[in-house]
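# Fold and contact review
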Amino acid sequence: MLNDNRRDRALLYIGIILFGLFALVPYYWVIRTSLLTNIAAISLETGFIPSLADLTLVSYQQVWDRFSFILYFRNSFIVALGATVISVIFAVPGAYAFARLDFPGRQLLFYTAVFTIMFPWIVLTIPVYEVFYLFDLINTLTGVTIGLSIFVLPQNIWLLQGFFRQGIPQKIEEAALIDGHNELTAFLRIVLPLSLPAVAAAALFSFLVAWNNFLWVFVLTSDESSRTATVAIYYILGSDVLREWNILMASLMLLVLPPIILYGLSRRYVGTGLGAAS
Amino acid sequence: MASLELDNVTKVYESKSEMIVAVEELNLDIQDGEFIVVVGPSGCGKSTTLRMIAGLETVTDGEIRIGGERINEAAPKDRDIAMVFQSYALYPHKSVRQNMAYGLQLSTELTDDEISARVETAAEMMGITDILEKKPGALSGGQQQRVATGRAIVREPEVYLFDEPLSNLDAKLRKHMRTELARIHQELETTTVYVTHDQEEAMTMADRIVILRSGELQQVGSPKEVYHKPENRFVADFIGSPSMNFVDVNLSEAGVLEAESLSFELKESVNEMLSPGQSKYILGVRPEDITIDEDASVNKSLTAIVDVVEIVGSDNFIYLDLAGEEFRVRVDSHIEPTAGDEVRLTFSDDSIHLFDVRTGEAIIHGVPQQPKMTSLD
């Protein structure tokens, strides 16, 4: 085994530390910069680890005062939650059908649905805009929600289909049929309760992807009222003549907070859900 | 408890590229209270047949009747059957008690008290009263198997269906559960269809054995019947362990079966039973009917070279080389020849079977020296 002797273990730890630094330094930099003043952020004198005297919360204050972050956060939340709920509602029965039923065109439909994960979305932006324009969905939260739910649907179907196929033995459904269920009630009363971890994992992934999405929101909205936090940050950076890095970093910190909290709360389910789905 | 009839039942799987006939025109009449074991090699259609009886597979052609009533179109829950799966299929998120009660709660009008009483009775019968509150994940394979069987028992159905329920257990537990299931059947007397690939299970548990091969029925009969009078070479080979020896022989004018290193003079009465003009046959003899006898008559014996001697404890299994083919003999444990020895083997007239070379059908099954069995079940 890799860890057996001390030399190997030392090398392993060194490798882990190096990789850890490589991964974590950017995060540290974001936190560091967000706690400095604008000048200090770009000054060479502040150093890699700033002195405690330099730390300040003024950037957070500024974010709060100058930008209607509550609005943006609210929009992000509505849109991400909405997209999660809609896509899960469609993905669960769809994935079950793909996993258990045999119908003509099943293979083709499945691979089409899932192929979209790999698709270069940016190519679709113009046609999608035109279609949404036709339906009066531009600049509306509804439009963004619908767009994002379509965006996260393939990964949900993929994840849940694998789970239904491998994680739930077909014999349990057959036992349920003999016990007195029909196919539908067997699905609702036996399969679904057993699938909660996987569905929770799928929902969490969807929420994260929808929350972090920039492209669709950017394309489908121009009004500030329907803007989400990801796009708002873009405007924070681009709209000022003087680039205020500390404010940017502070808004970034605020942006990642809800997903982190959500992940922390649902960690119990996600671990088992991912394990069951893999 | 009811009779179960399969009338020309056929199952065909069709896909774009091919058509697979899993079960072909199966006819079976199972009496009320019978314990039927359906046995055969993998892919012979036994599980498919069971699933058609359960309603988990559709019937392509033919009719299935329980108690005289056609059930082809009935949903599994409406057929009054209960099934025990090879993988037990217990609900992992419910306790043992809930697992056993679930079917009754869903399909019957029984009160909670009545359901509870039935669960307790079945649990006592299966010896699982101490694990009623546990979840399946915390149980051993043997315990899960008992719970699965208990779940079927509480339903008090017309027919029990078992799909290789003991296959996932270790050998000792399997033998123990076999006797348990036989005891339960004695007590409940419910019609049972039991599928297995293990011919030993079939022989020890069945009232009648149904042997299938590639979807076709080979023979239906009591264990004694299929053992002593196999209808064709496949059945003769399948039943019995170690399996029967087969030798291609030539019947000479003088009424002697001849092959390389083998010469066996048939009795006059046997010779008369064979049709004239036929000279090639397949001779079948079971390993347990053969003895090693250096003084045996040349005209009633064969010689072979010892290859491997397996010591089982109560017996020895001896594998020999008869003109290039394997020949198996079971002898008492004190007979232990050395590998490489040439030995002379003999058997009696009443233990020989002759099969048709072309069709594999059995022609004669030995000729008893004196009537040993007056009736066969």
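Residues numbered from 1 in each chain as written. Chains lettered and ligands numbered in written order. Predicted model: local features only at pLDDT ≥ 70, side-chain atom pairs only at ≥ 80, totals over all residues.

### Structural notes on the sheet that holds strand β3 (residues 35-39) of chain B
Residue and element names in this part refer to chain B. Overall, mixed pairing links the 6 strands, which are arranged β6-β7-β8-β3-β9-β10 in an open sheet. Looking at the sheet topology across the chains shown, the edges are occupied by β6 (81-84) and β10 (216-221). Mean inter-strand twist for the sheet, computed between neighbouring axes without regard to direction, equals 15°. Summarising the sheet, strand β7 (residues 159-163) and strand β8 (residues 191-196) pair through 5 bridges and their orientation is parallel. (Pairing = 2+ DSSP bridges. Helix = DSSP H or I, 4+ residues; strand = E, 2+ residues; numbered from the N terminus. Axes fitted to C-alpha atoms, helices over the stretch in contact; angles between N-to-C directions.)

### Looking at the nonpolar core
Counting 150 residues, the largest nonpolar core has Leu160 of chain A together with Val37 and Leu161 of chain B as its most contacted members. Not counting residues up to four positions away in its chain, the partners in contact with leucine 160 of chain A are Ala91, Val92, Ala95, Ala198 and Ala202 of chain A. (Core = buried A, V, L, I, M, F, W, Y, C linked by C-beta atoms within 7 Å. Buried ≥ 20, exposed ≤ 12 C-beta atoms within 10 Å, placed from the backbone. Contact = placed C-beta atoms within 7 Å.)

### Topic: the sheet that holds strand β4 (residues 61-66) of chain B
Residue and element names in this part refer to chain B. Ordered in space as β2-β1-β4-β5, the 4 strands form an open sheet in which the pairing is antiparallel. The open sheet is flanked by β2 (19-30) and β5 (69-70), the only strands paired with a single partner. When β4 meets β5, the two strands line up antiparallel, connected through 2 bridges. Counterpart to isoleucine 66 in the pairing with β5 is glutamate 69.

### Considerations on the domain arrangement of chain A
All names here are of chain A. Splitting chain A by domain gives domain 1 (6-62) and domain 2 (67-277). The C-alpha-based centres of domain 1 and domain 2 are spaced at 32 Å. Each side of the interface is counted separately: domain 1 has 12 residues, and domain 2 has 8 residues. Elements with a contribution of two residues or more to the side of domain 1 that touches domain 2: α1 (6-34), α2 (38-42) and α3 (58-66). At 4 residues, the largest contribution of residues to the side of domain 1 that touches domain 2 is made by α1. Considered class by class, the residues forming the side of domain 1 that touches domain 2 number 6 nonpolar, 6 polar and no charged. (Domains from an automatic or database assignment. Nonpolar A, V, L, I, M, F, W, Y, C, P; charged D, E, K, R; others polar.)

### Re the confidence of the model for chain B
Caution is warranted with low-pLDDT regions, since their predicted coordinates should not be read in detail. All names here are of chain B. With 97% of its residues at a pLDDT of at least 70, chain B reaches an overall mean of 88. Note that residues 369-377 has pLDDT below 50 and, in this model, 8 contacts with residues that lie over four places away or in other chains. The ipTM value of the predicted complex is 0.81, and its pTM value is 0.81. (pLDDT = per-residue confidence, 0-100.)

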